[in-house]
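Chain by chain, the residues:
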Amino acid sequence: MSKAVDRNLIVGLDIGTCNVKAVVGEILEDGGISIVGVGNHASRGMDKGGVNDLNLVVQSVKRAVQEMELMADCQVASVLMSISGRHVQCQNESGMVPINNQEVTQEDVDNVIHAARSVPIAAERRLLHVLPQEYTIDVQEGIKNPIGMSGVRMEAKAHIITCADDMAKNLLKCVERCDLKVEQVVFSSLASSFAVLTDDERELGVCVVDIGGGTIDMVVFSDGAIRHTAVIPVAGNQITNDIAKIFRTPISHAEEIKINYACALKEMVSMEENIEVPSVGGRAARSMSRHTLSEVIEPRYQELFELVHEEIRSSGLEEHIAAGIVLTGGTAKMEGAVEFAEELFHVPVRVGEPLNVKGLSEYVEDPTFATAVGLLQYGKEEITAKQSNDSKSSEGYWQRIQSWFKGEF
């Protein structure tokens, strides 16, 4: 097998409540990403984004990674990993610094971001992301890229995302026991946004709602920057459990019924259409109206969407999402979910699938792969930004040397 470094590969690992997804992509010369391997395995030992059985999670991760490596004919050593759970929290902060030499350099930008992130964080918390929103130079506000501009002082506003350190360590242990190094831990909904959003949606204002099995992860954009993130600890598994209990069928069959026959809006389902429901304890299967199934599911979707609506309202950003809502994750795929969401939110709603991917794109053109593919896009952006900063730092160093020589001689 070839090594990942030889082929300029990057790996995204999404350890979800229901599935573990591993995707490896090759960074192309034009800056695009070509998918070369995909692994997908049922997740065991996870609940609402947290680990409740280390060994089971390790087994699930190993199988997904092995499947991915086999398809890509490579052996990977490091990954970018997503994280979710109710322990993920956000806050908006600001910092201010004087501008050296009256012209903003990369060093000034780094200093002002450092000032914004220098808020006290509890010892049990881990800093995940510091995401710049906008800059102010003297009295000019709303600056996106301040480098090269003149001024006396600069202020930066930033969105800070943290998580519980112990929860992150448990996930890291699982991946490290698979002989993999975690390059970075990324909030799952942030990763999804890299895969499913367009630049126009970010500028106009949009909310990404990633509805998985155990959690709903949210991120709200306005004016091209992230303004709010949140995790709601209920999601698709609640619907599966409702089907299993009300219709007295095993969980595995309830999940199949949900995927194949469920509809979020009962008015979209015919009264005459029937489905077969397996029973427990060896009893014979029963016939049931699909409309009855929708009557059970619709209230649960209403509850989920109302929780999302309340989170958006409490953030104060309800009037800032002109581009509407992008639903992603497995639970977003259900028939009627988009129509129901549009009725409730009164804004445009669409299902988000990974955009702008090449190679084995047919394997990942699905809302369930939004986070895994988004990790690749996020990683590529980080690499590009680092290379750009290294280049600017090098140029700045030689300019300072030249200035020194000119001053000396």
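See above for the structure.
Residues numbered from 1 in each chain as written. Predicted model: local features only at pLDDT ≥ 70, side-chain atom pairs only at ≥ 80, totals over all residues. Heavy atoms only, no water.

S.K.: Explain the pattern of salt bridges to me, using residue names and the numbers behind them.
M.R.: Considering all chains together, one arrives at 15 salt bridges under this definition. For E273, the salt bridge goes to R290, with nearest N and O atoms at 3.3 Å. With E273 in the loop between α7 (251–261) and β17 (274–277) and R290 in helix α8 (residues 290–315), this residue pair connects regions lying 17 residues apart in the sequence. Owing to a relative accessible area of 9%, R290 belongs among the buried residues under this scheme. Here the salt bridges do not stand alone but share partners, grouping R126, D165 and K169 into one network. (Salt bridge = Lys/Arg side-chain N within 4 Å of Asp/Glu carboxyl O. Helix = DSSP H or I, 4+ residues; strand = E, 2+ residues; numbered from the N terminus. Buried < 20%, exposed > 50% of the residue type's maximum accessible area, 1.4 Å probe, protein only.)

S.K.: Give a detailed account of the packing of helix α1 (residues 54–72) against helix α3 (residues 165–176), specifying residues and quantitative values.
M.R.: Between α1 and α3, whose axes approach to 8 Å, the crossing angle comes to 50°. Between α1 and α3, the interaxial angle falls into the category oblique. The crossing of α1 and α3 is right-handed. Contacts between α1 and α3 pair L54, V57 and V58 from the former with N170, K173 and C174 from the latter. For the contact of α1 with α3, the residue count by class is four nonpolar, one polar and one charged. (Axes fitted to C-alpha atoms, helices over the stretch in contact; angles between N-to-C directions. Parallel < 35°, antiparallel > 145°, perpendicular 65-115°, else oblique. Left-handed = near helix turned anticlockwise from the far one by under 90°. Contact = heavy atoms within 4.5 Å. Nonpolar A, V, L, I, M, F, W, Y, C, P; charged D, E, K, R; others polar.)

S.K.: An account of the side chain of S289 is needed here, citing residue identities and associated values.
M.R.: By the secondary structure assignment, S289 is in strand β18 (residues 286–289). For S289, a relative accessible area of 17% corresponds to the buried category. Looking at S289, its side chain comes within polar contact range of the main-chain nitrogen of H291, at 3.1 Å. S289 has contacts with M271, E273 and N274, leaving out every residue within four places of it along the chain. (Polar contact = N/O pair within 3.5 Å; in protein donor to acceptor, adjacent residues only side chain to side chain.)

S.K.: Can you lay out the packing of aromatic side chains for me, pointing to particular residues and giving the numbers?
M.R.: Two aromatic rings, taken as a pair, are described by how far apart their centres are and by the angle between their planes. Evaluated as defined, the whole model comprises four aromatic pairs. A network of ring pairs unites the aromatic residues Y301, F305, F340 and F345 as a single cluster. The ring of F369 is capped by K21, whose NZ or CZ atom sits 5.2 Å from the centre of that ring. (Phe/Tyr/Trp six-rings, centres within 6.5 Å; stacked < 30°, edge-to-face > 60°. Lys NZ or Arg CZ within 6 Å of the ring centre and 35° of its normal.)

Interpretation note: all reported values are geometric properties and have no functional meaning in isolation.
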